[in-house]
Amino acid sequence: MFIAVRRLAAFAALLIGLCAPAQLADAQIATPDNRVVPGSTADLRLSYAPVVRRVAPAVVNVYAAKVVENRNPFLDDPIFRRFFGGPDGPREQVQRSLGSGVIVDASGLVVTNNHVIEGADQVKVSLADKREFEAELVLKDARSDLAVLRLKGARERFAPIELADSDTLQVGDVVLAIGNPFGVGQTVTHGIVSAVARTQVGITDYQFFIQTDAAINPGNSGGALVDVTGRLVGINTAIFSRSGGSQGIGFAIPANMVRVVVASARGGGSVVKRPWLGAKLQVVTPEIADSLSLKRPTGALVASIAPQSPAGRAGLRTGDLIVSIDGQEIDDPNAFDYRFATKPLGGEAQVGIVRAGREARLAVALETAPDTGRDEIVIRSRSPFLGAKVANLSPALADEMRLDTSAEGVVVIEVADGSAAQSLGFQRGDVVVTVNNEKIMHTGDLDRVTKQPSRTWLITILRGGQQISVRLNG
């Protein structure tokens, strides 16, 4: 069970001052190219206090609050209400959540997890010195589960944390996790990197995580994972747990992904712009590996290519096996997605492929997917789609929602709770192809068709790459 490390609304004092007597100075702090194993008893008495003192001021607490409707469904029954009493209308309740964050820019930009502040009406940030600031949302990126906040009213320069190159991280490296677990106050735990490039976790769209055994618990979400040089290597985001507490398996979003999101926020963007490949990739199974005469099932197999996409223009073909990008080995489609998404826009990436048993390199342009106008609308007419928010399916939206970029039609991007669309089972990501034998190419088509009264609805959608046709009585 993967649990997003969030919540526990307890406002505790923030302090850290683990001043260990043995301070064998900053001169003995390791560097990425100077990894050492303790060689004596004296070495074992080394302290992480100098590192903690340097980075702790950049780690903050994030408090989010949102107003939710607290309605007892039994009170909808007038008989129940008559005998047991209760308010005539719904009660509103403030729901609070607690997480952590990291200052990444001297102007007061803070990175945290998107799930910490999702849906919040108010966000506050508490610094290590106990000062509190209101925070405004600058950018949120659900695909990476990252969000960037800005401290309101800040008239000073803050001490940001330095971002490391997370690609240099190795299994066995020592790391420190800093955050506010269970709301007890700023806490430091340490451990090692248990694994890198974890791609089968299922938390975000970009499945490429740092795994650590440093203790991470609810409230640590959005906090810092740092190396022994005091640089940020990841943002703690989830744990694997059967009890809700740390069991030594925690996951962090690599700093190289954080860097991309922060760069978009600094540039004034409200969304993160990433390179678009324009090809659908699939996992290489043992059976596929045998058919391709591979020694082991590795790489990403090209299943389809969108016309006029960077992949198509570069000469990539269906059936090609992608094995590397800019010299970095690719084990599966998730690894490629992460590597490609963290490339800077502009220029080209060298994609290594195997085609018909021969290796080749293709230069793929690093550019964003075209967005031809979403024309988002909410269907309000009496129909099976009542309460569904839909948009025109463009390459950009298809890439954002992880859909086949060659698909055409109108896509459901949101379904209102309790709506007819929800009760009939429509989901985010459903592509509406036809309604009552009329092809749906634009949101206006769906709006027009659903306004026409009908006693029977014939609907065809695409879901998960499969076409589904249903007949509904109106």
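Residues numbered from 1 in each chain as written. Predicted model: local features only at pLDDT ≥ 70, side-chain atom pairs only at ≥ 80, totals over all residues. Heavy atoms only, no water.

### Some words on the overall build of the chain
- A count of helices and strands for the chain gives 11 helices and 26 strands.
- Each of the 474 residues in the chain was classed as buried or not, and the buried ones make up 46%.
- In the chain, the share of contacts with a sequence separation of at least 24, taken over all contacts with a separation of at least 6, comes to 61%.
- Counting only carbon and sulfur atoms, one obtains 50% of the accessible surface of the chain, whose full area is about 23,500 Å². (Helix = DSSP H or I, 4+ residues; strand = E, 2+ residues; numbered from the N terminus. Buried < 20%, exposed > 50% of the residue type's maximum accessible area, 1.4 Å probe, protein only. Contact = heavy atoms within 4.5 Å. Areas by Shrake-Rupley, 256 points an atom, 1.4 Å probe, with all protein chains shown as cover.)

### Remarks on the pattern of salt bridges
- A full pass over the atoms with the stated rule returns 20 salt bridges.
- Of the charged contacts, one joins Arg 339 and Asp 167 as a salt bridge, the two residues approaching to 2.7 Å between their closest N and O atoms. Highlighted residues: Arg 339 in helix α8 (residues 333-341) and Asp 167 in the loop between β7 (146-151) and β8 (174-179), separated in sequence by 172 residues.
- A salt bridge links Glu 329 to Arg 296; its shortest N-O distance comes to 2.7 Å. Linking Glu 329 in strand β17 (residues 328-329) with Arg 296 in the loop between α6 (286-291) and β15 (300-305), this pair joins segments that are 33 residues apart in sequence.
- Arg 296 sits in the partly exposed class, given a relative accessible area of 45%.
- Several salt bridges share partner residues, and in doing so they unite Asp 129, Arg 131 and Glu 156 into one network. (Salt bridge = Lys/Arg side-chain N within 4 Å of Asp/Glu carboxyl O.)

### Some words on unusual backbone geometry
- For Phe 182, which is not glycine, the phi dihedral falls at a positive 60°.
- As for its placement among the helices and strands, Phe 182 is situated in the loop between β8 and β9 (187-198).
- For Phe 182, a relative accessible area of 37% gives the class partly exposed.
- A positive phi angle is found at Asn 437, which is not glycine, with a value near 70°.
- Examined against the element boundaries, Asn 437 turns out to sit in the loop between β23 (431-435) and β24 (438-439).

### Remarks on the packing of aromatic side chains
- In total, this model carries 5 aromatic pairs according to the counting rule given.
- A centroid spacing of 6.3 Å and a plane angle of 75° characterise the contact between Phe 209 and Phe 251, whose relative ring orientation is edge-to-face. Within this pair, whereas Phe 209 is found in strand β10 (residues 209-212), its partner Phe 251 is found in strand β13 (residues 250-254), the two being separated by 42 residues in sequence. An identical accessibility class is assigned to Phe 209 and Phe 251; each is buried.
- Both rings, one in Phe 336 and one in Phe 340, keep their centres 5.3 Å apart while their planes meet at 15°; by these two values the pair is stacked. In this pair, Phe 336 and Phe 340 are both assigned in helix α8, 4 residues apart and thus about one turn of the helix distant. (Phe/Tyr/Trp six-rings, centres within 6.5 Å; stacked < 30°, edge-to-face > 60°.)

### Looking at the pairing of β15
- Here strand β14 (residues 279-283) pairs with β15 via 5 bridges, running antiparallel. Following the sheet pairing, Leu 281 is matched in β15 by Val 302.
- Pairing of β15 with strand β16 (residues 321-325), which is carried by 2 bridges, proceeds in the antiparallel orientation. Paired with Ala 300 across the two strands is Ile 322, which belongs to β16. (Pairing = 2+ DSSP bridges.)

### Describing α8
- Counted residue by residue, α8 has 8 buried out of 9 residues, so it is predominantly covered.
- For α8, the set of buried residues is Pro 333, Asn 334, Ala 335, Phe 336, Tyr 338, Arg 339, Phe 340 and Ala 341.
- The opening residue of α8, the one whose side-chain oxygen lies 3.2 Å from the backbone nitrogen of Asn 334, is Asp 332. (Polar contact = N/O pair within 3.5 Å; in protein donor to acceptor, adjacent residues only side chain to side chain.)

### Examining the side chain of Ser 394
- Positionally, Ser 394 belongs in the loop between β21 (388-392) and α9 (395-400).
- Excluding residues within four positions of it along the chain, Ser 394 makes contact with Pro 370, Asp 371 and Thr 372.

### Quick notes on the nonpolar core
- Among the nonpolar cores identified, the biggest contains 54 residues, and Val 62, Val 104, Val 111, Val 125, Leu 127, Leu 146 and Ile 161 are the most heavily contacted of them.
- A total of 6 residues in this core trace back to one element, the largest contributor, which is helix α5 (residues 255-266).
- Within the second largest apolar cluster, 19 residues are counted, among which are Leu 281, Ala 311, Phe 340 and Val 351. (Core = buried A, V, L, I, M, F, W, Y, C linked by side-chain atoms within 4.5 Å.)

### Here we look at the environment of Glu 400
- Within the element layout of this structure, Glu 400 appears in helix α9.
- Sequence separation between Glu 400 and Ala 142 is 258 residues; the distance between their C-alpha atoms is 9.7 Å.
- If we skip the residues at most four places from it in the chain, Glu 400 touches Arg 143, Asp 205 and Arg 374.

### Quick word on the confidence of the model for the chain
- Here the chain averages 86 in pLDDT, and 88% of its residues register 70 or above.
- pLDDT under 50 marks residues 6-28. Its contacts with residues more than four places away, or in other chains, come to 53 contacts. (pLDDT = per-residue confidence, 0-100.)

### Remarks on the side chain of Ser 381
- Its place among the elements puts Ser 381 in the loop between β20 (377-378) and β21.
- Among the polar contacts made by the side chain of Ser 381, one reaches the side chain of Thr 450 at a distance of 3.1 Å.
- Not counting residues within four places of it along the chain, the set of residues in contact with Ser 381 comprises Leu 386, Thr 450 and Lys 451.

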